[in-house]
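# Structural overview for review
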Amino acid sequence: MTRPATVITVLALCFVPSWAWAAAIRDEPAIPADAESAVDRLNNSPRHGEWVDIVEGRGDHGGWNDSVRAWVSYPERATTAPVVIVIHEIFGLTDWIRAVADQLAGAGFIAIAPDLLTGVGAAGETPEDPQEAIKLVRGLRIEDVTRRLTAVARYGSSLPAANGRFGTVGFCWGGGTSFAFAGHDMDLSGAVVYYGRTPEAEILGKISAPVIGFYGGDDARVNATIPLAESEMSRAEQSYTKNVFEGAGHGFLRQQSGRDGANLDATKAAWPATVKFFKEHLETE
């Protein structure tokens, strides 16, 4: 009896030399966990991660604490590393965002994920109820968020293991915040935007760092703001690159199993491009 072709294929894979598997793993950056597997990925990470309180400075903070709580993931490398600030979604600082930070550390970066809801609301940090987190994030003032991200950048750049260069990456609400922060901090070396809305033209005109954006093709609400980014960044002769993935939806990196495989395809294309972008712009020349 002739065996099914699928069985023959599986058996053939058993004879692939171990060096070939190792080369494939080495050449292709791993993608972050999705929301469902984030905790397992964190629990099995070989890298060091820790909670820190980053001092913002003194003054009238509108009732906020003068420090912001953040999760820091460190890479395993012998040389100093660039810093990437990971800006959370509208859901606040979740385990998934911490897992993204850990994945960036695995790619060689010091990743810092601040909880921008520190001192906000009854819990004083990201609440467990996603709807409560959404409500609180929507109430944040841009000047407070900018001040906190600046404090995180200064903290990260001053770490003994850091090379002094930093970038930002954000998702959803955090993607738009990553884009906008590029217009507020001239020391920023690069900004990555995952399905985040474009900021106002006034802010775009102040951006000097290169920006790269990743968008789901089925996300008209956000994608309607892309032409503004293209026109204003071009007018200012600044670098802006868009990547729109057909069939992928909003939040594709978090929801990799969605959209009949389109979200996973988008993730597999966007994440290596993100790592490449940061290596090009944040590593010391």
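Residues numbered from 1 in each chain as written. Predicted model: local features only at pLDDT ≥ 70, side-chain atom pairs only at ≥ 80, totals over all residues. Heavy atoms only, no water.

The next subject is the layout of surface pockets. Taken as a whole, the largest pocket spans an internal volume of roughly 350 Å³. Forming the walls of the largest pocket are 15 residues, and the residues nearest its centre are Trp173, Gly176, Gly196, Arg197 and Thr198. Secondary-structure elements contributing two or more residues to the lining of the largest pocket are α7 (173-181) and α9 (220-223). (1 Å grid on protein atoms, 1.4 Å probe; cavity = no way out; pocket = protein on both sides within 12 Å on 5 of 7 lines; lining within 4 Å. Points joined across faces, edges and corners; volume = space filled by probe spheres on them. Helix = DSSP H or I, 4+ residues; strand = E, 2+ residues; numbered from the N terminus.)

Turning next to the sheet that holds strand β8 (residues 240-249). Backbone-to-backbone hydrogen bonds pair the strands of a sheet. The strands run either parallel or antiparallel. Pairing within the open sheet is mixed, and its 8 strands lie in the order β1-β2-β4-β3-β5-β6-β7-β8. Edge strands, defined here as strands with exactly one partner in the open sheet, are β1 (49-55) and β8. Strand after strand, the sheet turns through a mean of 25 degrees between neighbouring axes, direction not considered. Examined bridge by bridge, strand β6 (residues 191-194) and strand β7 (residues 211-218) share 4 bridges and lie parallel to one another. Residue pairing in the sheet places valine 193 in a bridge with glycine 213 of β7. (Pairing = 2+ DSSP bridges. Axes fitted to C-alpha atoms, helices over the stretch in contact; angles between N-to-C directions.)

This next bit is on the packing of aromatic side chains. Following the criterion strictly, the structure yields 13 aromatic pairs and no others. Judged by centre distance (5.3 Å) and plane angle (70 degrees), the rings of tryptophan 96 and phenylalanine 171 are edge-to-face. Taken together, the residues tryptophan 96 in helix α4 (residues 95-106) and phenylalanine 171 in strand β5 (residues 162-171) connect sequence positions 75 residues apart. Of the two residues, tryptophan 96 and phenylalanine 171, neither departs from the other in class, the shared state being buried. Seen from their ring centres, tyrosine 194 and tyrosine 195 are 5.8 Å apart, and the 75 degrees between their planes marks the pair as edge-to-face. (Phe/Tyr/Trp six-rings, centres within 6.5 Å; stacked < 30°, edge-to-face > 60°. Buried < 20%, exposed > 50% of the residue type's maximum accessible area, 1.4 Å probe, protein only.)

The next subject is the confidence of the model for the chain. Considering every residue of the chain, the mean pLDDT works out to 89; 86% of them sit at 70 or more. Confidence over residues 1-28 falls short of pLDDT 50; this stretch has 4 contacts with residues more than four positions distant or in other chains. (pLDDT = per-residue confidence, 0-100. Contact = heavy atoms within 4.5 Å.)

Turning to the side chain of serine 178, a few remarks are in order. With respect to the helices and strands, serine 178 occurs in helix α7. Among the polar contacts listed, one links the side chain of serine 178 to the side chain of threonine 168, at a separation of 2.8 Å. Among all residues touching serine 178, those that are not within four sequence positions of it are Ile87, Thr168, Val169, Gly170, Ala191 and Val192. (Polar contact = N/O pair within 3.5 Å; in protein donor to acceptor, adjacent residues only side chain to side chain.)

Positive phi outside glycine occurs at cysteine 172, with the angle close to 60 degrees. Here cysteine 172 shows up in the loop between β5 and α7. For cysteine 172, a relative accessible area of 17% puts it in the buried group. Phi at arginine 259 is positive, roughly 60 degrees, even though this residue is not glycine. With respect to the secondary-structure elements, arginine 259 resides in the loop between β8 and α11 (262-282).

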